[in-house]
Amino acid sequence: MSYLLLAFHLAVVFVAPIFVIGIVNRVKSLWAGRRGPRLYQTWFDLVRLLRKTPVYSQVTSWIFPVAPLVILATTVTASLLGPIVPGYAPLGFAGDFVVFAYLLGLGKIFLMLSALDTGSAFEGMGASREATYSALAEPVFLLGLGTLAWAGGAHSFQDLVIPNGSWAIDAVLRVTFAGAMFVVLLIEAARVPADDPTTHLELTMVHEVMILDHSGPELAIVQYASAMKMTMLAGIIAAVLNPFSAMSYPILAVLFSGAFIVLVAMCVGLIESLIARLRFRALPLFTFAAFLAVLTSLVVVTANQGEFH
Amino acid sequence: MDRMLFGTVALVTGAILTVLLPKNRVRVGVNLVSQAIACVCILSDTIPILFGGPELTGVLQWSFPVERIDLRIGAVGAFFLTFSLPMTFLGSVFATGYLAHDIRGPRHVGMHFALLSMVQLSYLIVYTVQNAFAFLVGWEIAALSAWLLVIWDSRNQKIRFAGFNYLVSTHLSLLFLVAGIMIMHGATNSFQFADFQTFLGQPSNARNIAFVLLMTSFGLKSAFFPFHTWLPRAHSAAPAHVSALMSGVIHKAGLFGMLKFILMVGQPELWMGWYLLAVSAMSAFMGVLYTITQRDIKRLLGYSSTENVGICGIGFGLGILGLATNRPILAALGFGGGILHIINHALFKCLLFYGAGSIYRFTHSIDLEKLGGLLKSMKWTGPLFLLGSLASAALPPFNGFLSEFLLYYGLVQPAPELGLGRMPMMLFAGVLAIVGGLSALSITRAFGLIFLGLPRDPHHVDPRAREHPCMIVPMVLHLIGILAIGLCPMVGLKLIEAPTRVLLSLSRKQPAELMTFVPHALINSLTLVAAIFVGVLAVLLVLRFALLPKSNRRHVTWGCGYTLPNTRMQYSGSSFSAPMVAVFRDLLKFLTREELPQGVFPKDGHYDTHCVDGVEQTMFKLLGNGEQVVGNVMRRLPEDTRFSFAIGLAGLLILVALVAMK
């Protein structure tokens, strides 16, 4: 059974990113009254980019070609720790969610460094924004998981998403955490309203402006890693809200999580069709709202601590 | 103990010879040899203790006021000696490169190296003696030699001022220390730590006051917020190796003092843990917040020390909570993480300061806004600085991550005894998270501005400059330490096992769970993750450069349509941190000097912003205007009846409270 789960996990981590981007784009197209590209169009884009000969900026150093590989390596390693169904991750140990968050942090730093490596003011600006908003999202993620760890009495990422305790409190915790996680996803994956991936003006970008000078394989790797990160975060949301544990109902758990990742991708697409990007000044408030949600769940756990370990 | 005494004699003889011998080269050579001998002798004594050997004890006889000095090297002292001595030696090696110009010149550099030997001597005293008087002597030797080392370039008025500022602050710390010791001396009529221990073992008001006084003193020594004001000035003024040693090694004495005091208290109270946690969390947060606004590399690294001692302090606070609630696992993770962070910080912070020194010798500047593109010309310093910075942002797979991991793991441990107290513990985990995010921003900014892009000020490009091997070798050795602990966490845990065990032995519970305070499976998993990461990265590197198209095609950086970019148009340090500064605007203090262009034919304008230390500003203001404030109160007291009534009532309340507490 664990082979099935492993196969599902790896499939989601490595293959689903292509479709997740496809679904987001399809939803946006449908909403705008177009048919839109194929769901696996990203695959062709990536292959095309991988075949191209890159052009580097004259200013760049060895950091520039190496950084995308570090980003991909951190994302792949982190993906082995993050659960997609409750109770299962290829690698799990106490406190692994800290390793998960910090590995992604390492990847982000290399993305910012490769942006600064080009000496461009625009890319520096993107790096500065990325650094700011992801630093503010960090406590949301870790405090949220810490609260779940307290409530569940578990310490590894895969176990602390398993339902535990009275269902009412559990539901509150899970929904608030999933909500906060969704905000983190929008920020980390650079989607509207935190960032607009399709804007044509460099001044208004965060993630896209950092990769202005990436081309060919480097661009493909960065984009693939970024899609992978988004899928992983969607997977965590799915795992938190999944009522079926991988140990008791593996098939149901896998189906639910798979469907939920599609749902999250559709939500991202819908949000992108419906609302505009927030002003940069409002972004810290957006993160703060997520932080408040997590804080509320922490208060709920504190108030009911008798029920927990 | 014999080898230890031999080492001490070698050190002192070396220091004297360094001053007396002719010729700088000879002096430096003799000094390094004597330091090396002392290190080998003393480490051969301390390392066995660290790996489970028995404690070493000895007695020295001295004249009247002291009479008897007990010497004892326990696991905690052995731990501090084991990293302090060789790292100071490496600092001296670095100094031969950093001061190469002075060594060739007519100036007597023997004094400087002799002072480094004296710093070594101060560790030997502070970390071993069991007598408060001798402890104070060692403390003072460290403070005075550090001060003299800071003002090496004493012809510069700014440096003299920074040195004086340091001297005053460090003596404020001494003042608190003396006050604390006097309380204990008053209660026991003795200067022996053994007697203090019996006094501190019993809860009393005097003990609480001693605790706060000593924590303030040690906090000043280790530059906890808000007692850090001396630190950025001193660090930017001192030669690079002195900054490195002060930040990484010398001022760890404050943390040693905390551990020593906790050991003497035995069974601490809960509030002590919360107090230390709160102070340390504030220190970690404010320290890292200041790093993102600095434009002087060494000031930036100085503030980062405040952050890192804060992280160590969070560990100690957690450890005290563990002891007070009788949860050995909490105590083990807290003390273990805190102690491990001491050595981790020493490793990466010395590396980074050495890097800053190397940059300074290369470009004659440590101003972020003037540097840029150094990665291409500094083949060694660049990568070393990068890896050191990643370690300092606590990223895996480097050493800083391991200690922070232990702290996170400790903060989310179940502890029903704490009741509602678990909520603040979670919030402290949140503080650690934002500190991590901020320090990631700060190191990206520092490394990116110094080493990437193009030089912002062409005056600081010297094509003849070379990296000095004596400066590179200590950095490489520090990096080896960083990687050893980061990639094989077992190495780090073995180093801290003995001192952590000593602290754990204070716990009333002595179950088998103490034997493996961090489960081996957990450590193996961390090693596995590090191995997977390195493996995946290696495979990807091979695949990328073997299979995918490579190219030498170069083009200008995309300027978004602008065709005449120059190097001054790159993103600057202050603009990089601007969005984050906007979020925490209220906590920071900026000085703005502006002369904006006006009129139809404007003249040249300028606009400067400068992040100043808010605490220091307030302090100077109080010192400058304090007399006036007191004067105002004194004048209002007899004139304004309501005001004097209010003061009188408040005084009465305090009196009643004091009487009620009796």
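To start, this report covers the structure provided alongside it. All values reported here derive from a predicted model rather than from experimental measurement. (Residues numbered from 1 in each chain as written. Chains lettered and ligands numbered in written order. Predicted model: local features only at pLDDT ≥ 70, side-chain atom pairs only at ≥ 80, totals over all residues.)

Quick notes on the overall build of chain B
Here comes step 1: Scanning chain B from N- to C-terminus turns up 25 helices and five strands.
Here comes step 2: Expected size for 662 residues packed as a compact globule is a radius of gyration near 26 Å; at 26 Å, chain B falls within 12% of this value.
Here comes step 3: Projected onto its principal axes, the C-alpha positions of chain B cover 80 × 70 × 60 Å.
Here comes step 4: Considering only contacts within chain B whose residues lie at least 6 apart along the sequence, 78% involve residues at least 24 apart. (Helix = DSSP H or I, 4+ residues; strand = E, 2+ residues; numbered from the N terminus. Rg over C-alpha atoms; globule rule 2.2 N^0.38 Å. Contact = placed C-beta atoms within 7 Å.)

Focus on the packing of helix H3 (residues 75-98) of chain B against helix H5 (residues 110-126) of chain B
Relative orientation and spacing of two packed helices are given, respectively, by the angle between their axes and the distance between those axes.
Residues and elements named next belong to chain B.
Here comes step 1: Look at H3 against H5: their axes get within 10 Å of each other, and the N-to-C directions meet at 175 degrees. Judged on the interaxial angle alone, H5 and H3 are roughly antiparallel. Only Phe113, Leu116, Val119, Gln120 and Tyr123 of H5 make contact with H3, whose side of the interface consists of Leu81, Ser84, Leu85, Thr88, Gly91 and Ser92.
Here comes step 2: Classifying every residue of the contact of H3 with H5 gives six nonpolar, five polar and no charged. (Axes fitted to C-alpha atoms, helices over the stretch in contact; angles between N-to-C directions. Parallel < 35°, antiparallel > 145°, perpendicular 65-115°, else oblique. Nonpolar A, V, L, I, M, F, W, Y, C, P; charged D, E, K, R; others polar.)

Considering the packing of helix H6 (residues 132-150) of chain B against helix H11 (residues 240-250) of chain B
Residue and element names in this part refer to chain B.
Here comes step 1: Where H6 meets H11, the axes come as close as 10 Å, and the angle between the chain directions of the two elements is 155 degrees. Between H6 and H11, the crossing angle belongs to the class labelled roughly antiparallel. Relative to H11, the crossing made by H6 is left-handed. Each of Ala142, Ala146, Leu149 and Val150 in H6 lies in contact with H11, whose residues at this interface are Val242, Met246 and Ile250.
Here comes step 2: Split into classes, the residues belonging to the contact of H6 with H11 amount to seven nonpolar, no polar and no charged. (Left-handed = near helix turned anticlockwise from the far one by under 90°.)

Observations concerning the nonpolar core
Here comes step 1: Formed by 335 residues in total, the largest nonpolar core has its most connected members in Val20(A), Val184(A), Val150(B) and Ala429(B).
Here comes step 2: In terms of residue count, the dominant contributor to this core is helix H15 (residues 328-363) of chain B (21 residues).
Here comes step 3: With residues up to four places along the chain from it excluded, the contact list for Ala429(B) reads Leu142(A), Leu143(A), Gly146(A), Tyr408(B), Leu411(B) and Val412(B). (Core = buried A, V, L, I, M, F, W, Y, C linked by C-beta atoms within 7 Å. Buried ≥ 20, exposed ≤ 12 C-beta atoms within 10 Å, placed from the backbone.)

Quick look at the interface of chain B and chain A
For interface size, the figure often reported is the accessible area lost on association.
Here comes step 1: Taken together, the 60 residues of chain B in the interface contact 71 residues of chain A.
Here comes step 2: The element that contributes the greatest number of residues to the side of chain B that touches chain A is helix H19 (residues 422-451) of chain B, accounting for 15 residues.
Here comes step 3: Residues of the side of chain B that touches chain A, tallied by class, amount to 42 nonpolar, 13 polar and five charged.
Here comes step 4: Strand direction decides the pairing type here: strand S1 (residues 56-57) of chain A and strand S3 (residues 554-555) of chain B, joined by two bridges, are parallel. Bridge assignment links Tyr56(A) to a residue of S3(B), and that residue is Arg554(B). (Pairing = 2+ DSSP bridges.)

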